[in-house]
Amino acid sequence: MVQQRLPSFDGGRSGRRFILTLVAGTVFGFLSACLLITSTRDVPHMFSWVPGGSGLSRDPHHYSELESEVGPETEVKFHGDDEDFHKGEDRIAQDMARKVRVLCWIMTGPKNHQSKARHVKATWGKRCNILLFMSSAADASLPAVVLPVKEGRDNLWAKTKEAFKYAYEKYKDKVDWFMKADDDTYVVVENLRYMLSSYNPNSSLYFGCRFKPFVKQGYMSGGAGYVLSKEGLRKFVEEGLPDKTKCRPDNGGAEDVEMGKCLEKIGVRAMDTRDPHGRGRFFPFVPEHHLIPNHVDKNFWYWKYIYYDTKDGLNCCSDSAVSFHYVSPNMMYVLEYLIYHLRPYGISHSLERSSPDRPSTLIEY
Ligand SMILES: *[C@@H]1O[C@H](CO)[C@@H](O)[C@H](O)[C@H]1NC(C)=O
């Protein structure tokens, strides 16, 4: 899985080339050691090592590289927080938020409450109809839901099961869709609702970044976040969880793969989330890694895992993209600014079918 050569990662950034040369040997040694450690575990994410990713660049491809990122210490004020700066621009989005109700639950833990989860709440998380932080310790500032699970990556599957159960039992009458995201996932909640608005939450459906291996219908990448319809989640909680032959009963395994196996067995359909141009909406990496051709080495696991023939370059990503992963806390604020504030003067934008005069055409039940 680990490539022998350094990919053309730092193409334009020649200033870093000498560092690359300097530490290439060290990195290779380090990666070999990592492969040795991780190959004993059946977590596919663990193979997500990219040479050059370890401390050489700020382009994370692996969860460990964001561990030390903490984000701003003081509150980041946006214009519009105090004044009605963009007043009226979100009329359609507000309307849709009442019709397509989404609960977002964030996989987090005590170590990340202040360094990561807090910034999800301050940025995209506030747009979900219900926002829950799933942890194992209380934190009044978030607040966090205290689940009866141990921390650590070996318990992610256990935490996922508890989290979905909690969300379903408490909120099944208040929302239509349930999204799981990590505390380093960034979600454009309006685009999530826009995509979901074409589907019926009473069908058993499951959306995300679709991967090919391990499960016949594929499974959704955990990091990019995935969404279950209310009916899909009902089946998971009422038919999947109590049945050892359907859902893995212990704590182990990769959370996203186990979820995929279980959902397939209980008849929850894995959906195609590409837009009409065939461009993806859910992404397991930061935008740069998908947008810049050859940024992600062609031998990297991603290209083997991805369910659909996927382009890199500007055709990679839908104009109504929903999620990106490995987003640092600082980058969350940068994305907030770029997506919700920066406007090129004189250019109005409209997604297909989202004419302000005919908002009702958006809902197709
Ligand atoms: C889903 O099912 C519920 C209960 O049967 C029903 O009241 C509701 O109208 C249905 N929603 C849609 C969008 O079909």
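Cut-offs and rules
- Residues numbered from 1 in each chain as written.
- Predicted model: local features only at pLDDT ≥ 70, side-chain atom pairs only at ≥ 80, totals over all residues.
- Heavy atoms only, no water.
- Disulfide = S-S within 2.5 Å.
- Helix = DSSP H or I, 4+ residues; strand = E, 2+ residues; numbered from the N terminus.
- Buried < 20%, exposed > 50% of the residue type's maximum accessible area, 1.4 Å probe, protein only.
- Axes fitted to C-alpha atoms, helices over the stretch in contact; angles between N-to-C directions.
- Parallel < 35°, antiparallel > 145°, perpendicular 65-115°, else oblique.
- Left-handed = near helix turned anticlockwise from the far one by under 90°.
- Contact = heavy atoms within 4.5 Å.
- Pairing = 2+ DSSP bridges.

1. Observations regarding the state of the cysteines
Per the counting criterion, the structure on display carries three disulfides. The residue that forms a disulfide with Cys-247 is Cys-262, at a sulfur-sulfur distance of 1.8 Å. In this pair, Cys-247 sits in the loop between α6 (230-240) and α7 (255-265) while Cys-262 sits in helix α7, placing the two residues 15 residues apart along the sequence. The same class applies to Cys-247 as to Cys-262, namely buried. A sulfur-sulfur distance of 2.1 Å marks the disulfide that ties Cys-316 to Cys-317. Handedness here is read from the sign of the S-S torsion; for Cys-316 and Cys-317, about -95°, the answer is left-handed. Residue Cys-316 is classed as buried on the basis of its relative accessible area of 2%. By sequence order of its bonded cysteines, the protein chain has the disulfide arrangement 1-2, 3-4, 5-6.

2. Regarding the packing of helix α4 (residues 156-171) against α6
Contact geometry of α4 with α6 gives a least axis separation of 10 Å together with a crossing angle of 120°. It follows from the interaxial angle that α4 and α6 lie oblique. Crossing geometry of α4 relative to α6 is assigned as left-handed. On α6, the residues touching Trp-157, Lys-161, Phe-164, Lys-165, Tyr-168 and Glu-169 of α4 are Lys-230, Leu-233, Arg-234, Phe-236, Val-237 and Glu-238.

3. Brief notes about the sheet that holds strand β9 (residues 226-229)
What links the strands of a sheet is backbone hydrogen bonding, and the strands pair in either a parallel or an antiparallel sense. With mixed pairing, seven strands are arranged side by side in an open sheet as β3-β2-β1-β4-β9-β6-β10. Where the open sheet ends on each side, the last strands, each with one partner, are β3 (144-146) and β10 (269-270). As judged from the two bridges shared by strand β6 (residues 205-207) and β10, these two strands associate in the parallel manner. What sits directly across from Tyr-206, in β10, is Ala-270. Sitting on the sheet, helix α3 (residues 113-122) touches β1 (102-107), β2 (130-135) and β3, and the angle it makes with β2 is about 170°.

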